[in-house]
Amino acid sequence: MKPIIKNILAGFAGSLVSIALFIGVIWCIDKFQEHQEEKDKLPLNEKVLAYLDKHNIPYEEVDTFTYVFTYNDDKYFYLYDPEDPEYMLIISSWSINNDNYHSLLEATNELQWKKKFIKIRADKDCIVFSIEQIVDAQAEIDEALTRWLKVLNSTALEFAIRMDIQR
């Protein structure tokens with residue numbers, strides 16, 4: 001076979017390989033985008049449950065729109081509102097025995113000022129820590145949810161230390 005024909009065939013084979021690789025890369029990008037779009041279309045409650053599964057956080061469904069899960073040995077409730085699918089509410093509630101209601105209110109006010117997006121409600125025998133957020137339907141929640149749970153957990157721990165409460 002003449003060298004010119006060999007060069008043409010080699011160039012043609014190289015072009016076919018290049019085209020195949022290009023098509024493969026485009027196909028992979030398309031599949032990745034489809035997967036991302038499907039993930040973005042998930043309702044918030046499914047994103048939260050997927051997060052819990054991904055991080056091996058045990059949870060159970062209390063009723064249709066309420067889930068209870070354990071994070072760092074504390075019990076939390078996630079309440080999903082189908083009427084407002086972008087609204088997220090996570091609550092942790094403790095029963096406490098405290099004789100000094102004034103110091104209890106003082107601690108909750110100080111912590112609420114320090115941890116700006118945490119709500120803390122104190123009753124005589126109960127303390128409730130909660131976080132409420134509006135979450136964009138397209139948002140990836142993994143980073144944010146990790147942060148929110150850590151802040152809730154650290155706030156509860158700080159409160160327990162300040163009030164000398166056994167958790």
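Residues numbered from 1 in each chain as written. Predicted model: local features only at pLDDT ≥ 70, side-chain atom pairs only at ≥ 80, totals over all residues. Heavy atoms only, no water.

## Some thoughts on the sheet that holds strand β6 (residues 126-134)
What holds strands together in a sheet is hydrogen bonding between their backbones, with the strands either parallel or antiparallel. In spatial order, the strands read β1-β2-β3-β4-β6-β5; together these 6 strands make up an open sheet with antiparallel pairing. Both outer strands of the open sheet, β1 (59-63) and β5 (119-122), are each paired with one neighbouring strand and no more. Each adjacent strand pair in this sheet contributes to an overall mean axis angle of 25 degrees, direction not counted. Examined bridge by bridge, strand β4 (residues 87-95) and β6 share 9 bridges and lie antiparallel to one another. Each bridged residue has a counterpart across the sheet, and for Met88 the counterpart in β6 is Gln133. Set on the sheet, helix α3 (residues 101-114) makes contact with β5 and β6; between it and β5 the angle comes to about 175 degrees. Its contacts with the sheet put helix α4 (residues 142-163) on β2 (66-71), β3 (74-80), β4, β5 and β6, and the angle it makes with β6 is roughly 160 degrees. (Pairing = 2+ DSSP bridges. Helix = DSSP H or I, 4+ residues; strand = E, 2+ residues; numbered from the N terminus. Axes fitted to C-alpha atoms, helices over the stretch in contact; angles between N-to-C directions. Contact = heavy atoms within 4.5 Å.)

## Quick look at the packing of helix α2 (residues 44-54) against α4
For the pair α2 and α4, the least separation of the axes is 11 Å and the interaxial angle reads 75 degrees. Judged on the interaxial angle alone, α4 and α2 are roughly perpendicular. Packed against α2, whose contacting residues are Val48, Tyr51 and Lys54, the element α4 presents Asp142, Leu145, Thr146 and Leu149 at the interface. Of the residues in the contact of α2 with α4, the class split is 4 nonpolar, 1 polar and 2 charged. (Parallel < 35°, antiparallel > 145°, perpendicular 65-115°, else oblique. Nonpolar A, V, L, I, M, F, W, Y, C, P; charged D, E, K, R; others polar.)

## Side note on α3
Compared with the 20 Å implied by 1.5 Å per residue over 14 residues, the 20 Å span of α3 between its first and last C-alpha is a close match. Where α3 is concerned, the buried positions are Leu104, Ala107, Thr108 and Leu111. Down the axis of α3, the sector holding all buried residues measures 95 degrees, keeping them to one side. Opposite its buried face, α3 presents the exposed residues His102, Asn109 and Trp113, each directed more than 90 degrees away. Where α3 is buried, its residues meet β5, β6 and α4. (Expected span 1.5 Å × (residues − 1). Buried < 20%, exposed > 50% of the residue type's maximum accessible area, 1.4 Å probe, protein only. Arc of directions from axis to C-beta.)

## Observations concerning the side chain of Ser130
For Ser130, the location among the structural elements is in strand β6. Judged by its relative accessible area of 9%, Ser130 is buried. Excluding anything up to four places from it in sequence, Ser130 contacts Leu89, Ile90, Ile91, Phe117, Ile118, Lys119 and Leu152.

## Some points on the pairing of β6
Within β6, 7 of the 9 residues are buried, which leaves it mostly tucked inside the rest of the structure. Bridging between β5 and β6 involves 4 bridges; their strand directions are antiparallel. Bridging across to β6, Ala122 finds its partner in Ile127. With antiparallel pairing between neighbouring strands as the criterion, β5 and β6 make up a hairpin whose turn holds 3 residues.

## Details of the packing of α3 against α4
At their nearest, the axes of α3 and α4 sit 11 Å apart, and the two run at 145 degrees to each other. Note on packing geometry: the crossing formed by α3 with α4 is right-handed. For the pair α3 and α4, contact is made by Ser103, Leu104, Glu106, Ala107, Thr108, Glu110, Leu111 and Lys114 and by Thr155, Glu158, Phe159, Arg162 and Met163, respectively. A breakdown of the residues in the contact of α3 with α4 according to their chemical character gives 5 nonpolar, 3 polar and 5 charged. (Left-handed = near helix turned anticlockwise from the far one by under 90°.)

## As for the pattern of salt bridges
Tallied over the full model, the rule gives 6 salt bridges. Between Arg162 and Glu106 there is a salt bridge, and its shortest N-O distance comes to 3.3 Å. Taken as a pair, Arg162 in helix α4 and Glu106 in helix α3 lie far apart in primary sequence, 56 residues in all. Overall, Arg162 belongs to the partly exposed group, its relative accessible area being 35%. By relative accessible area, which is 41% here, Glu106 ends up partly exposed. (Salt bridge = Lys/Arg side-chain N within 4 Å of Asp/Glu carboxyl O.)

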